[in-house]
Amino acid sequence: MKQLIIKYSIILIIALIISYFLAFIVMLIWPDILTEKTSKGVTTYSMDYLIQPIKYLLNAVIIIILSLDMRKQNFKSIALLVLTFFSSLTGVIFFLILSNSQFNNDLTISDYE
């Protein structure tokens, strides 16, 4: 269990850093990508318009890693994977809760056998 917590903590931190770093690189290459000329002047959008699509792509990678770990632990939850797509932190927390409860159930069942 401790290994899963460390593994997913590192993955989530790296995904967050990559999303901000890639958005910063895109802003360096195309500084006008978030500006739009309108009839009233110039509209500038926040950097979150770049960060969110990158986060969704990285969440898809986290879903793949999560599904591999779910397969190792012999349980599947499509709802958990969908939740992870929209919020990787929430999906990983629920996965860790489910894997901990499964680990505790396996431990108590084997204690009585």
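Residues numbered from 1 in each chain as written. Predicted model: local features only at pLDDT ≥ 70, side-chain atom pairs only at ≥ 80, totals over all residues. Heavy atoms only, no water.

Colleague: Honestly, the packing of helix H1 (residues 2-29) against helix H2 (residues 48-72) in this entry has me stumped. Any pointers?
Modeller: To describe two helices that pack against each other, one gives the angle between their axes and the distance between the axes. Here H1 crosses H2 at 155 degrees, and the two axes come no closer than 9 Å. The pairing of H1 with H2 is recorded here as roughly antiparallel in orientation. The element H1 and its partner H2 pack so that their crossing is right-handed. Here the contact of H1 with H2 is built from residues that sort into 19 nonpolar, 1 polar and 3 charged. (Axes fitted to C-alpha atoms, helices over the stretch in contact; angles between N-to-C directions. Helix = DSSP H or I, 4+ residues; strand = E, 2+ residues; numbered from the N terminus. Parallel < 35°, antiparallel > 145°, perpendicular 65-115°, else oblique. Left-handed = near helix turned anticlockwise from the far one by under 90°. Nonpolar A, V, L, I, M, F, W, Y, C, P; charged D, E, K, R; others polar.)

Colleague: I'm lost on the environment of Leu 57 in this one. Help?
Modeller: The residue Leu 57 is located in helix H2 in this model. When the C-alpha positions of Leu 57 and Val 42 are compared, they lie 29 Å apart, and in sequence the two are 15 residues distant.

Colleague: Teacher, can you tell me more about the side chain of Ser 19 here?
Modeller: Checked against the element boundaries, Ser 19 lands in helix H1. Judged by its relative accessible area of 0%, Ser 19 falls in the buried class. Among the polar contacts listed, one links the side chain of Ser 19 to the backbone oxygen of Leu 16, at a separation of 2.8 Å. Apart from the residues within four sequence positions on either side, Ser 19 is in contact with Ile 51, Ile 54, Lys 55 and Leu 58. (Buried < 20%, exposed > 50% of the residue type's maximum accessible area, 1.4 Å probe, protein only. Polar contact = N/O pair within 3.5 Å; in protein donor to acceptor, adjacent residues only side chain to side chain. Contact = heavy atoms within 4.5 Å.)

Colleague: Where do I start with helix H3 (residues 78-86) in this structure?
Modeller: Side chains that are three or four residues apart share a direction in an α-helix, a result of its 3.6 residues per turn. Listed as buried for H3 are Leu 80, Leu 81 and Thr 84. Looking straight down H3, one finds that the buried residues subtend no more than 100 degrees of arc, so they occupy a single side. Counted as exposed and oriented over 90 degrees from the buried face of H3: Ile 78, Ala 79 and Phe 86. (Arc of directions from axis to C-beta.)

Colleague: I keep staring at the packing of aromatic side chains and nothing clicks. Help me out?
Modeller: Note on aromatic pairs: each is described by the distance of the centres and the angle between the planes. Per the counting criterion, the structure on display carries 5 aromatic pairs. Ring geometry for Tyr 56 and Phe 85: centres 5.3 Å apart, planes at 20 degrees, overall stacked. Of the two residues, Tyr 56 sits in helix H2 while Phe 85 sits in helix H3, which places them 29 residues apart along the sequence. With centroids separated by 6.3 Å and ring planes inclined at 80 degrees, the aromatic side chains of Tyr 56 and Phe 86 adopt a geometry described as edge-to-face. Of this pair, Tyr 56 sits in helix H2 while Phe 86 sits in helix H3, placing them 30 residues apart in sequence. Since its relative accessible area comes to 31%, Tyr 56 is described here as partly exposed. By way of ring pairs, the aromatic residues Tyr 8, Phe 75 and Phe 95 are connected into one cluster. (Phe/Tyr/Trp six-rings, centres within 6.5 Å; stacked < 30°, edge-to-face > 60°.)

The analysis is restricted to geometry; functional conclusions fall outside its scope.
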